[in-house]
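Single-letter residue listing:
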Amino acid sequence: MAKTYDYLFKLLLIGDSGVGKTSILFRFSEDAFNISFISTIGIDFKIRTIDLDGKKVKLQIWDTAGQERFRTITTAYYRGSMGIMLVYDVTNEKSFENIKNWIRNIEENASADVEKMILGNKCDLDSKRQVSKERGEQLAIEYQIKFVETSAKDSLNVETAFFTLARDIKAKMEKKQEASNPQARSGGHQLKANEQQRKPASWLSRCSLL
Amino acid sequence: MNEEALLARATEERERIFQRYERGRDNLVGQIDPWEDPEFEDYHKTDRYGFIHDERLPQKTAPQKVNIEVEREKKWVKMLGTWDSPATQEKLHRRIYKGIPNSLRIKIWGKLLDVARLRAAHSGKYREMLTLARRWSTDVRQIDSDVNRQFREHQFYRARYSEKQCSLFHVLCAYAMYNAEVGYCQGMAGLAAVLLLYMDEEDAFWALAALLSNSKYAMHGLYIEGFPKLTRFLEHHDRILTKFMPKLKQHFDKFGLDAILYSLKWFFVCFVERVPFSLCLRVWDIYLLDGERVITAMAYTILKLHKKQIMKLNDMDLIVNYIQVKLHKDFGYPDDVVISALERSMEELKRARLDTPGPPPSKELPQRTLGVFVEPDNKSKIGQRAETFSETEKQARANVILRREKAALELQELRVSQSDTVSEHSGLAGAARCDDSVSALGSRRSLADTSVTSTADLSVFSSGRSHAPDNSLDTHSNVSDGDTGSNGSGICGMSIQRAPSTAHSTPRATPHPHSASPHPSSVSPHPVSVSPLSDDVVRIHVTYNPLAASPSRLHPISPSKRFDEHSKLTLGLFTNGTSSDNRIRIQVPSEDLLTPVVDSGRIITQHYMDKDVYDLK
């Protein structure tokens, strides 16, 4: 089957139940809001292919149940994610406090260099706001994660968030490929030399019997 | 905030939420945010010029069908009068499979679930639980959030804080107190919402109680920590697919599609929002009569009926969308046809002794006495998320991961065996043709996984790249195409020699000089030895049985043992448990794919391994 994209990135949305993960995803994948009245049980995903600096990037975005009990299923899907959106609800203090807990979940279950981003959703509901933008920014600085406030309902910053995350992943990936494989086309010798320098230990010492 | 303040905040929140449901919609005028109500589309049929548009539903029920339903109703009313008679019980099966008339569902469901008896036997219990919930419930916020999202397209549930929404909230809060082990789990709102379409609040409560703890349905095990029943039923579902629809199973495996992705709601909420509602009700009718085997058979039936269509879909998202969304909108078969197919499936599965994965083990049933109040601890009162996983949770997560990776492994087996038949000279090289390339990000992640994986079994599957068909793999295909242009004089040669076969006993791993034996008692007369001859060559001698059939399921025979904390390359010996088939598995993370593989002096992969899991036979 002919591929219709250059890259495939797997992204993940996590955060407390009811913060609007599904709404954000629906806004991004369908540009609509009306489906916010469905709760995600277990895990689900949506697809959108975007154009990023001339490359077609297929985003496979996993949406997760927020209820704590489902973490036995959802954390199994952290594996393989290249980018994770941590979502809280600016009208719900507790969902913000729990972000630290979600970050810990990422540290324990996802790849160490996964790209992360914090989203403070429902920023349209200003009268109900419990978490100021400054506090969101503060937290993001503390963890050195990008941050943006969004509104799935008013379509605010949703596109920006996904594009930023995707761009960061792409940049990291390309940088990494370059570093590990500077002369890909000239053959494998170069590569081996690098490899040997990096890992002088004997082959066997890196071997294990199961 | 200190604990006291956090507790006060939680109490205040519970109080506020409860009050709103107690007051109801009529007393909340001006206090319901516009976003809490869906747009009332029934009033949106007028266009901008003022013309009203007729958007009638397609007429699906033919007039003669209505007559049939009227005739049936009469028979059912008669039958209700003599419910306990042997004649009725005899007729019940046939009539229920034909469908319970909608007007009588309330009565028949109540009978099937024995609601009246439960309610009478526990008089006052429901109110008691509700009162306790008002004071102690820790699930209020989650329930509130889910009531706001349940069946909002139904007239009963459409308006925020409508009567039915309030009933739903109360039933779920009371049940969470009644069965503290389950509390409230997402999915239960779906069950209760269906029941409430037909029953009053208290009946719905007892019907829900029956669905969870009556051993015929035993849904308790679905919702408790770790979802043990879900795991058990998914495994059984896989067994059924492997036996009856192996091609479809392979198709799913090919796209890394674990059944959990398409079937969770089948098992969790008995097909609610996964098949059209009319069909869903028919399945519920039968489920209430015959119990959990109906779920197993219906899952099979859905895939059987749509196999052809699904086989045409060559993408995970297309398949999932078809099964989850398309079939909900339009199942493509009349309900009666589906039910006949379901009945046939049940017989078919019964003949194959696959109609049920067996009765629930005791841990899937309530351990504590139901309806006895247990005060929640402060942590759950505050609603803090637990920082660490319990042992049960770790095991459950390991199961989910294992499911995904098993499918990947089976797919690899398939590819290896397929390529065997294509080119017999280079049967081993066939595997190297496997066109998956590896994502740089993806493979490092897999390594990281190993360290957090708790079970020894799992590390076998997860230490290398193991999400074989996992879609991230396509990502770098264009890059690795360039890579393979190198020549093969790698620094890390590996030769694997086979010892001649005299196998008549199960080969085991011998103790490695650097480590204690994983199985001290299992030294066999034909040992496998891994002997270091130099830094870059390892010879592995394996007793080999050429008559061994192609592999089915592989099991690691020894727990993971590491020589080195930073081990990157993994060798594993697998057997299928009957000693007839031995396997060496080599796993290398993609960063280290510098290893030409040589088997009995023959180069298997020309340059170096272009995938990081490699099986030798």
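Residues numbered from 1 in each chain as written. Chains lettered and ligands numbered in written order. Predicted model: local features only at pLDDT ≥ 70, side-chain atom pairs only at ≥ 80, totals over all residues. Heavy atoms only, no water.

The name an unreviewed UniProt entry gives chain B is Rab-GAP TBC domain-containing protein, with Plutella xylostella as the organism.

Put simply, the rule reads: UniProt positions are given in the numbering used here, feature names are shortened, and annotations may be inferred rather than shown by experiment.
An unreviewed UniProt entry lists chain A under the name (diamondback moth) hypothetical protein, with Plutella xylostella as the source organism. Database annotation for chain A, UniProt heading Sequence similarities (unreviewed entry): "Belongs to the small GTPase superfamily. Rab family." Under the UniProt heading Subcellular location (unreviewed entry), the entry covering chain A gives this text: "Endomembrane system".

1. Quick notes on the overall build of chain A
The line we're drawing: Elements are defined by DSSP. Helices are runs of H or I of four residues or more, strands are runs of E of two residues or more, and each kind is numbered from the N terminus. The cut-offs for exposure are 20% and 50% of the maximum accessible area for each residue type, with area from a 1.4 Å probe on protein chains only; residues under the lower value are buried, those over the upper are exposed, and the others partly exposed. Contact criterion: two residues are considered in contact whenever any of their non-hydrogen atoms come within 4.5 Å of each other. The Shrake-Rupley method, run with a 1.4 Å probe, gives the accessible areas here. Residue values count only the displayed protein chains as cover.
Helices and strands together make up the secondary structure of chain A, namely seven helices and seven strands. Helices and strands appear in chain A in the N-to-C order β-α-β-β-α-β-α-α-β-α-β-α-α-β. In chain A, which comprises 210 residues, the proportion classed as buried is 62%. Residue pairs in contact within chain A that sit at least 24 positions apart in sequence constitute 72% of those at least 6 positions apart. A total of about 8200 Å² of accessible surface is found on chain A, and carbon and sulfur atoms cover 47% of it.

2. Section: the packing of aromatic side chains
Centre distance and the angle of the planes are the two values used to describe a pair of aromatic rings. Put simply, the test is: Pairing of aromatic rings covers Phe, Tyr and Trp, the last counted by its six-membered ring, and requires centre-to-centre distances within 6.5 Å; plane angles under 30 degrees mean stacked, over 60 mean edge-to-face, and any other angle means tilted.
Inspection of every chain in the model, using the stated rule, returns 31 aromatic pairs over all chains. Measuring from ring centre to ring centre gives 4.8 Å for Tyr88 of chain A and Phe96 of chain A, while their planes differ by 65°; the resulting arrangement is edge-to-face. Grouping residues by exposure puts Tyr88 of chain A and Phe96 of chain A together as buried. Plain terms: the ring middles of Tyr175 of chain B and Tyr178 of chain B are 5.7 Å apart, the flat faces sit at 50° to each other, and that makes the pair tilted. Placement of both Tyr175 of chain B and Tyr178 of chain B in helix H9 (residues 163–178) is noted, with a separation of three residues, approximately one turn of the helix. Put simply, the rings of Tyr126, Tyr175, Tyr178, Phe205 and Trp206 of chain B touch in pairs and so form one group of aromatic residues.

3. Topic: empty space enclosed by the protein
Counted only if it meets this: Whether a set of points on the 1 Å grid over the protein atoms alone is a cavity depends on a 1.4 Å probe fitting there but being unable to get out, while an open set qualifies as a pocket with protein on both sides within 12 Å along at least five of seven lines; lining residues are those with an atom within 4 Å of a point. Grid points are joined across faces, edges and corners, and a volume is the space filled by probe spheres set on the points. Under the scheme applied here, ten amino acids are nonpolar (Ala, Val, Leu, Ile, Met, Phe, Trp, Tyr, Cys and Pro), four are charged (Asp, Glu, Lys and Arg), and all others, including Gly, are polar.
Inspection of the entire model under this criterion finds 12 cavities of 30 Å³ or more. Roughly 120 Å³ of internal volume is contained in the largest cavity. What lines the largest cavity is a set of 16 residues, and nearest its centre among them are Ser39 and Ile41 of chain A together with Gln150, Lys265 and Glu273 of chain B. When residues of the lining of the largest cavity are traced back to their parent elements, those giving at least two are helix H10 (188–198) and helix H15 (259–269) of chain B. Grouping the constituent residues of the lining of the largest cavity by class yields seven nonpolar, five polar and four charged.

4. Some points on the packing of H15 of chain B against helix H17 (residues 293–312) of chain B
Residue and element names in this part refer to chain B. Worth spelling out the cut-off: Here, axes are lines fitted to C-alpha atoms. For helices the fit covers the stretch in contact, and angles between N-to-C directions go from 0 to 180 degrees. Definitions for this section: a left-handed crossing has its near helix turned counterclockwise from the far helix by less than a right angle. A right-handed crossing has that turn clockwise.
Relative to each other, H15 and H17 sit at 145°, their axes nearing to 10 Å. Viewed along their axes, H15 and H17 form a crossing whose handedness is right-handed. Facing H15, whose interface residues are Tyr262, Trp266 and Phe267, H17 presents Ile295, Ala299, Ile302 and Leu303. Grouping the amino acids of the contact of H15 with H17 by side-chain chemistry returns seven nonpolar, no polar and no charged.

5. Describing the pairing of strand S1 (residues 7–14) of chain A
Residue and element names in this part refer to chain A. The criterion, for reference: Strands are labelled as partners when DSSP assigns at least two bridges between them.
Counting buried positions along S1 yields eight of eight residues, so the element is predominantly enclosed. Neither face of S1 is open: one carries Tyr7, Phe9, Leu11 and Leu13, the other Leu8, Lys10, Leu12 and Ile14, and all of them are buried. The sheet contact formed by S1 and strand S3 (residues 55–64) spans seven bridges and is parallel. Looking across to S3, one finds that Lys10 is bridged to Gln60. In the sheet, S1 pairs with strand S4 (residues 83–89) via four bridges, with the strands oriented parallel. When the bridges of S4 are listed, Leu13 appears paired with Met85.

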